[in-house]
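Single-letter residue listing:
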Amino acid sequence: MRKIRTFLAIVLAFGVVMSLTACGGQNNAASSDANSANSGDSKETYVFKVGHVQPQDHPYHTGMVYMNDLLKEKTNGRISLDIYPSSQLGAERELVESTQMGTIDIALVTSPMANFDTSWYLFDIPGIFYTKKHAYEFLDCEHGQAMLDGLSKVNIKGVSFWETGFFNIFDNSKPIETPQDLNGLTMRVMENDAYITYFSKLGANPVPMAYSEVFTGIQNGTVDGSVIPIAAIYMNQFYTVAPYITRCQNWYCPVTFIMSTQAWNSLPEDLQAIFQECANEARDYMRQELTDSEEAQVESMKESGCTIIEVNKDEWRQQEADAVQAVKDQFVGKYVEQSTLDYIEEIGKNYK
């Protein structure tokens, strides 16, 4: 009997030990899983919806495709992009609003940004950048990063600055050889006071119009022309209805790569770092692709019968000085700091 009681006591003690061991093991596993998730080691995947307004052969799109490949490679397929070109997800203002609300994840946008952060009016002042490299020096340093970081106050993550290039004037009426030749023309402009002020000062009639309406607007005579980069003139075939193209390059227009804060915050820190790295690499890729393609596009438009006017840019700047000053009077001190313009001019001495 004593042997039986001893045996039962041993069995009971063994069971208690095993129970405590099992409980301790379960807690360690849960802790390990939590640490794994917090460190970004989980295998969760992320597919981000991207919208832009340009066609599939534009560097906007091919740059995003390039970035998608980079992300898949560097994250082992954990991040990918679902890209919608040609305004499928809306015009630029709608893209910004949708990104702000989190209904889409990523967008490439230009002029509407000033409606959400007035410091973007800086890029609506003509003539402040002399070359693309001049613009890059500003955009890719702490000044540009500060602008991107400032978008957090309107619930947007600013990722990087891509580009659409320098704006050039094109029309279907006559060759524009000086800014004064714009007198009397009806020019489509973006919904932006800077462009309205500039063209009005030169005697033109500026008409705000959505980008998607430009081709039809010129074709039916609502407007005589507009001002956009060479790649957009070529790839959207605007030159077929407005064959006079003036390479005045009076505005440099960066493209802001924006992301919803919800999408950005969904990424663990290690993947955020990879995402930023890929965005910067894709930025450099698309900038180079845009630059490399521009001269070939100009030659192709010449072969199609277009008249390409190559202006003396220094003379053009002198001739448009009053119009530029009118824009500065409207924006500097109110939306744009004079110190920012002074810095851009200072670094620009290396690019004149």
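All chains use their own residue numbering, which begins from 1 and follows the written sequence. Whole-chain, interface and lining totals are the exception, using all residues; otherwise, since this is a predicted model, local features are given only for residues with pLDDT of at least 70 and side-chain atom pairs are given and counted only at 80 or more. Side-chain metrics in this entry use all non-hydrogen atoms of the structure; hydrogen atoms and water are not considered.

1. Digging into the overall build of the chain
Each helix is a run of DSSP H or I of at least 4 residues and each strand a run of E of at least 2, with the numbering of both proceeding from the N terminus. Each helix and strand in the chain was counted, giving 13 helices and 9 strands. A fraction of 75% describes how many contacts in the chain between residues 6 or more apart in sequence connect residues 24 or more apart. A total of about 16,400 Å² of accessible surface is found on the chain, and carbon and sulfur atoms cover 49% of it. Whether two residues touch is decided by their heavy atoms; if any such pair falls within 4.5 Å, the residues are in contact. Per-residue accessibility takes into account occlusion by the displayed protein chains alone, with areas from the Shrake-Rupley method and a 1.4 Å probe.

2. Some words on the packing of helix α4 (residues 132-139) against helix α13 (residues 338-348)
Across the interface, α4 lies against α13 with an axial gap of 10 Å and an inter-helix angle of 130°. Classified by the angle their axes make, α4 and α13 are oblique. When the axes of α4 and α13 are compared, the crossing they make is right-handed. Contacts between α4 and α13 involve His-134, Glu-137 and Phe-138 from the former and Thr-340, Tyr-343, Ile-344, Ile-347 and Gly-348 from the latter. When residues are grouped by polarity, Ala, Val, Leu, Ile, Met, Phe, Trp, Tyr, Cys and Pro land in nonpolar, Asp, Glu, Lys and Arg in charged, and all others, Gly among them, in polar. Residue classes in the contact of α4 with α13 are distributed as 4 nonpolar, 3 polar and 1 charged. Axis lines are fitted to C-alpha atoms, over the contacting stretch for helices. Their N-to-C directions set the angle, which ranges from 0 to 180 degrees. We call two directions roughly parallel when the angle between them is under 35 degrees, roughly antiparallel when it is over 145, roughly perpendicular when it lies between 65 and 115, and oblique otherwise. Handedness of a crossing is defined here by the sense of rotation of the near helix relative to the far one, left-handed for an anticlockwise turn of less than a right angle and right-handed for a clockwise turn.

3. Some words on the pattern of salt bridges
Between side chains of opposite charge, a pair can form as their charged atoms come close. Salt-bridge detection follows one rule: a side-chain nitrogen of Lys or Arg within 4 Å of a carboxyl oxygen of Asp or Glu. Considering all chains together, one arrives at 14 salt bridges under this definition. The partner of Glu-97 in a salt bridge is Arg-93, and the shortest N-O contact between them spans 3.3 Å. Here Arg-93 and Glu-97 lie together in helix α3 (residues 92-101), a separation of 4 residues that amounts to about one turn. Through salt bridges with shared partners, a single ionic network connects Asp-140, Arg-283, Asp-284 and Arg-287.

4. Some remarks on helix α2 (residues 59-74)
For a helix, the expected span equals 1.5 Å multiplied by the number of residues minus one. Over its 16 residues, α2 extends 22 Å from the first C-alpha to the last, a length consistent with the 22 Å expected when each residue adds 1.5 Å. Accessible area is worked out with a 1.4 Å probe on protein chains only. A residue is then buried under 20% of its type maximum, exposed over 50%, and partly exposed in between. For α2, the set of buried residues is Pro-59, Tyr-60, His-61, Gly-63, Met-64, Met-67, Asn-68, Leu-70 and Leu-71. Positive backbone phi, approximately 55°, marks Asn-76, located one or two places after α2.

5. Notes on unusual backbone geometry
In the Ramachandran plot, Asn-76 falls in the positive-phi region, its phi being about 55° despite a non-glycine side chain. Judged by its relative accessible area of 72%, Asn-76 falls in the exposed class. Of note in this structure, Ser-86 is not a glycine but carries a positive phi near 55°. By the secondary structure assignment, Ser-86 is in the loop between β2 (79-84) and α3. A relative accessible area of 40% places Ser-86 in the partly exposed class.

6. As for the pairing of strand β6 (residues 205-208)
Pairing between strands is defined by DSSP: at least two bridges between the two strands are required. Bridging between strand β5 (residues 186-189) and β6 involves 4 bridges; their strand directions are parallel. Considered in β6, the bridge of Met-187 is made with Pro-206. With the strands aimed away from the viewer, a crossover counts as right-handed if its path from the first strand over the helix to the second runs clockwise. At this point the chain moves from β5, through helix α6 (residues 193-201), to the parallel β6, and the crossover so formed is right-handed.

7. Notes on the packing of aromatic side chains
Here the aromatic set is Phe, Tyr and Trp, taking the six-membered ring for Trp, and pairing holds for ring centres within 6.5 Å; pairs whose planes are under 30 degrees apart are stacked, those over 60 apart are edge-to-face, and all others are tilted. The final tally for this structure, using the stated rule, is 25 aromatic pairs. Ring geometry for Tyr-198 versus Trp-251: centroids 4.8 Å apart, planes at 70°, classification edge-to-face. Residue Tyr-198 is located in helix α6, and its partner Trp-251 is located in strand β8 (residues 244-260); the two are separated by 53 residues in the primary sequence. Each ring, one from Phe-331 and one from Tyr-335, has its centre 5.8 Å from the other, and the planes form 40°; the classification is tilted. A relative accessible area of 1% means that Phe-331 is categorised as buried.

8. Topic: the environment of Gly-90
Examined against the element boundaries, Gly-90 turns out to sit in the loop between β2 and α3. Filtering out sequence-adjacent residues up to four positions away, Gly-90 remains in contact with Val-53 and Leu-95.

9. What to know about the environment of Val-214
Here Val-214 lies in helix α7 (residues 214-219). Taking the relative accessible area as the measure of exposure, Val-214 reaches 1% and is therefore buried. Counting along the chain gives 22 residues from Val-214 to Asn-236, while the straight-line C-alpha distance between them is 9.9 Å. Apart from residues lying up to four places away in sequence, Val-214 is in contact with Phe-170, Arg-188, Met-209, Ser-226 and Phe-238.

10. Brief notes about the confidence of the model for the chain
In the predicted model, the chain carries a mean pLDDT of 89, and 88% of its residues have values of at least 70. Scored below 50 in pLDDT, residues 1-40 makes 7 contacts in the model with residues more than four places away or belonging to other chains. One number per residue, pLDDT, summarises how confident the predictor is, and it ranges from 0 to 100.

11. Quick notes on helix α10 (residues 269-303)
The terminal C-alpha atoms of α10, which comprises 35 residues, lie 51 Å apart, in line with the 51 Å expected from a rise of 1.5 Å per residue. Bend angle per residue: angle between axes fitted to the 7 residues ending at that residue and the 7 residues starting there. Where α10 bends most, the angle comes to about 30°, and this point is Glu-294. Looking at the residues trailing α10, positive phi occurs at Gly-305, about 100°.

12. Comments concerning the environment of Lys-328
Along the chain, Lys-328 turns up in helix α12 (residues 321-331). Separated by 134 residues in the primary sequence, Lys-328 and Ala-194 have C-alpha atoms spaced 8.6 Å apart.

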